[in-house]
Amino acid sequence: MADFGKILQSVGEFGLFQKVLLLALCVPNIILPFHFASVVFVESDPQRHCNTNWILGADPNLTAEEQLNLTLPREEDGTFSRCLMFSPVDWSIEAIRTYGLNKTIACDNGWVYQNTQYEATIVTDFDLVCGRSNLVQVAQTVLMTGVLFGSLLFGPFAESFGRKRATQIPGVLVFIFTAVTGLSPDFNLYLLSQFMVGVGYGGFRMNAIIMATEWIGISKRSWGACVTQVFFAIGLCVMAGVIYFVRDWRLAQLISAAPLGVMAIYIWYIPESARWLLDRGLVKEAREVLKKAAAINKSTIPDSLFQKVVVETETEQKGGILTILKSPVLIKYLFPIILAWFSLNLTYYCLSFNVGNLGLNIFLTQLIFGASELPAHLLCIWLLEAVGRRVCLITTLLTGSLSCLLIIAVGQEKLIYVTLFATLGRIFSNMAGSTCSVYIQELVPTSLRQSASGLGNIANRAGGLLSPVVNMLATYHWFAPITVYSSFMFVSGLLGLLLPETRRRELPDSTADFRIKKNGLTIHQKDLSTFSQMKSTRL
């Protein structure tokens, strides 16, 4: 196949076509953070007492204070119990007052919530308190499991059916089940809909970045991943403002479903990746979409370039993940990135899901998290081109790990410093994530790019999936979770030393294009043991 980079130069590396496509793929990221609102903006232990309206049957004129005194036991500090009540009896009010009630039971008719900072959360709507309080972590885990499953499902799907379909279908799933989540009458349906939202979320974010990157030329390639993160950071700020004014998780879900509905319509008009079309031997379709892109960019493609487009479909071998696992070179380069992706996402979501426990106002903290990530991602675009992928990845991982460890050093009582270092930890983990998104695509040829990105995203989402579990280690000691995820970040940063630099190199399309410079030397096809027998084939 002709060098796709030369074709893309003729089309325009970052013209109007790429800018519109990137904008269309990035705008949904303003709304996607809202899917974490219902598991982040909660009060895990709101003020409450058991619903004891049964006693009003004996005397409907009881005052609120009398009702509580007669039906609720008290704790050692004199406050009413939050999880126990006196067992209902079929007595007159005089008998209850005379003899009193002694047998206690768990609340069997729900709770009455008081002085909450939200109008409604999943905790108050589904009574996730007392013996059910751990279900908040279950909800977080189910959402992250869906994200993991979406990455696992839509990776191979994109290899077979294209980047376009693998972006459109998840987008529609996110829209439908965002609305279903807001309308869920019980916790079980809420969990199911959150799982499906996670599936769509994982599939959309992964494939949108790949779609954008495969259309952008060398000079602006880092924009494909970093601009996506910029829009996500904007979404974090918007989410903090919306929840501050709305204070109702159901309404917040329905508000976010509206713009996602618009996305679910226009997403069907995005073009397919020309790289994927050529890789699958669909030369005619690739020519058509390239001509349209060139027309939008007001450029032309020389016919001589099209004449060189040859795809060896007869000898081409497809192996997907198995091909990657058989290649020592790919394993050597992908393992540090995959571990880094796992580590940074573990750190990011451990900090995100713990935002309510950092001490400062949760809305202010969330706003700080989002606002601080905006300049970080813009800086990342410049750093990736100025210092390269390798230095950027190592630096962000090690600095992020150090930032988290400083939380332990200052102690949990110094709330401002804790919030500062937690914010820095999130910033550097995000920058490392953008670097991984670019890095993994530049190391792997087109025919394996989706599989490799799928592996990376599976590890990435596995980190998010385990974050609620790691946060539960705080029951043993408050800094136990910090020690775990910062250690992973540190080790990942050191393993980054094994990676080659790929800055300003064209994306490899086939085995023949697979050139990796390391210490000034070029590794050619004959150096790749797994590919030595794959003559004139693509990876």
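Residues numbered from 1 in each chain as written. Predicted model: local features only at pLDDT ≥ 70, side-chain atom pairs only at ≥ 80, totals over all residues. Heavy atoms only, no water.

Caption draft 1: Examining the overall build of the chain more closely. Across its full length, the chain holds 21 helices and six strands. A burial count over the chain gives 56% of its 539 residues as buried. Taking contacts inside the chain between residues at least 6 apart in sequence as the whole, the part at least 24 apart equals 79%. In the structure as shown, the chain presents an accessible area of about 22200 Å², 62% of it carried by carbon and sulfur atoms. (Helix = DSSP H or I, 4+ residues; strand = E, 2+ residues; numbered from the N terminus. Buried < 20%, exposed > 50% of the residue type's maximum accessible area, 1.4 Å probe, protein only. Contact = heavy atoms within 4.5 Å. Areas by Shrake-Rupley, 256 points an atom, 1.4 Å probe, with all protein chains shown as cover.)

Caption draft 2: Molecular detail of the environment of Ala106. In this fold, Ala106 is placed in strand S3 (residues 104-106). Each C-alpha atom of the pair Ala106 and Leu84 lies 4.6 Å from the other, and the pair is 22 residues apart in sequence. Residues contacting Ala106, with those up to four places away along its chain left out, are Cys83, Leu84 and Met85.

Caption draft 3: Spatial organisation of the nonpolar core. Counting 95 residues, the largest nonpolar core has Phe41, Ile122, Tyr190 and Trp215 as the members making the most contacts within it. If we ignore the near neighbours within four places in the chain, the residues touching Ile122 are Ser38, Val39, Val42, Asp127, Leu128, Ala139, Tyr190 and Trp249. Grouped together as the second largest cluster of nonpolar side chains are 21 residues, Leu330, Leu397, Cys436 and Met489 included. (Core = buried A, V, L, I, M, F, W, Y, C linked by side-chain atoms within 4.5 Å.)

Caption draft 4: Structural detail: the packing of aromatic side chains. Counting across every chain of the model gives 19 aromatic pairs. Taking 4.8 Å as the distance between ring centres and 35° as the angle between the ring planes, the aromatic pair formed by Phe157 and Phe161 counts as tilted. With Phe157 and Phe161 both in helix H7 (residues 135-161), this residue pair falls four residues apart, about one helical turn. For Phe157, a relative accessible area of 22% translates into the label partly exposed. A relative accessible area of 52% means that Phe161 is categorised as exposed. What links up through ring pairs into an aromatic cluster is the set Phe41, Tyr118, Tyr244, Phe245 and Phe363. Sitting over the face of the ring of Phe80, Arg74 holds its NZ or CZ atom 4.1 Å from the ring centroid. Between the NZ or CZ atom of Arg247 and the centre of the ring of Tyr244, over which it lies, the distance is 4.8 Å. (Phe/Tyr/Trp six-rings, centres within 6.5 Å; stacked < 30°, edge-to-face > 60°. Lys NZ or Arg CZ within 6 Å of the ring centre and 35° of its normal.)

Caption draft 5: Layout of empty space enclosed by the protein. Throughout the structure, instances matching the rule amount to four cavities of 30 Å³ or more. The computed volume of the largest cavity comes to approximately 270 Å³. Arg205, Gln229, Trp341, Asn460 and Arg461 are the residues nearest the centre of the largest cavity, which is lined by 21 residues in total. Among the secondary structure elements, those contributing two or more residues to the lining of the largest cavity are helix H9 (187-215), helix H10 (223-246), helix H16 (328-353), helix H19 (415-443) and helix H20 (446-471). The residue inventory of the lining of the largest cavity, partitioned by class, reads ten nonpolar, nine polar and two charged. In this model, the second largest cavity occupies a volume close to 100 Å³. The wall of the second largest cavity is formed by Pro33, Phe36, Val40, Phe232, Leu236, Met239, Tyr348, Tyr349, Ser352, Phe353, Gln366 and Arg426. Of all elements in the fold, only H10 and H16 reach the threshold of two or more residues within the lining of the second largest cavity. (1 Å grid on protein atoms, 1.4 Å probe; cavity = no way out; pocket = protein on both sides within 12 Å on 5 of 7 lines; lining within 4 Å. Points joined across faces, edges and corners; volume = space filled by probe spheres on them. Nonpolar A, V, L, I, M, F, W, Y, C, P; charged D, E, K, R; others polar.)

Caption draft 6: The arrangement of the side chain of His49 in detail. By the secondary structure assignment, His49 is in strand S1 (residues 48-50). With sequence-adjacent residues up to four places away left out, His49 is seen in contact with Leu68, Leu72, Ser81, Trp111, Val112 and Gln114.

Caption draft 7: Spotlight on the state of the cysteines. Summed over the entire model, instances satisfying the criterion amount to two disulfides. Each sulfur in the disulfide pair Cys50 and Cys107 lies 1.6 Å from the other. Sign of the S-S torsion, about -50° for the bond between Cys50 and Cys107, identifies this disulfide as left-handed. Of this pair, Cys50 sits in strand S1 while Cys107 sits in the loop between S3 and strand S4 (111-113), placing them 57 residues apart in sequence. Among the residues examined, Cys50 registers a relative accessible area of 0% and is labelled buried. (Disulfide = S-S within 2.5 Å.)

Caption draft 8: Up close: H16. Here H16 spans 37 Å end to end across 26 residues, near enough to the 38 Å set by a 1.5 Å rise per residue. The sharpest bend along H16 reaches about 30° and sits at Leu334, with the proline Pro336 one to four residues further on. Burial analysis of H16 places 21 of its 26 residues in the buried class, which makes it a mostly covered element. (Expected span 1.5 Å × (residues − 1). Bend = angle between axes of the 7 residues up to and from the residue.)

Caption draft 9: Expanded view of the pattern of salt bridges. Scanning all chains against the criterion turns up nine salt bridges. Residue Glu214 pairs with Arg163 through a salt bridge whose shortest N-O separation is 2.8 Å. Linking Glu214 in helix H9 with Arg163 in helix H8 (residues 163-183), this pair joins segments that are 51 residues apart in sequence. One salt-bridge network, in which partners are shared between bridges, spans Arg221, Glu385, Arg389 and Glu442. (Salt bridge = Lys/Arg side-chain N within 4 Å of Asp/Glu carboxyl O.)

Caption draft 10: Structural detail: the confidence of the model for the chain. For the chain, per-residue confidence averages 83 on the pLDDT scale, and 89% of positions sit at 70 or higher. When pLDDT is averaged over each helix and strand of the chain, the minimum, 38, is found for strand S6 (residues 521-523) and the maximum, 94, for H8. Low pLDDT, under 50, characterises residues 311-317; the stretch is placed with 19 contacts to residues that sit more than four places away or in other chains. Confidence drops under pLDDT 50 across residues 514-539; counting only partners more than four residues distant or on other chains, this segment forms 69 contacts. (pLDDT = per-residue confidence, 0-100.)

Caption draft 11: Broad picture of the packing of helix H2 (residues 16-26) against H9. The contact between H2 and H9 brings their axes to 10 Å, and the two run at 175°. The angle between H2 and H9 places the two elements in the roughly antiparallel class. Of the residues in H9, those in contact with Phe17, Gln18, Leu21, Leu22 and Leu25 of H2 are Phe204, Ala208, Met211, Ala212 and Trp215. For the contact of H2 with H9, the class distribution of residues is nine nonpolar, one polar and no charged. (Axes fitted to C-alpha atoms, helices over the stretch in contact; angles between N-to-C directions. Parallel < 35°, antiparallel > 145°, perpendicular 65-115°, else oblique.)

Caption draft 12: Main features of the environment of Gly261. Looking at the element boundaries, Gly261 is found in helix H11 (residues 249-266). Linking Gly261 and Phe175, residues 86 residues apart in sequence, is a C-alpha distance of 5.8 Å.

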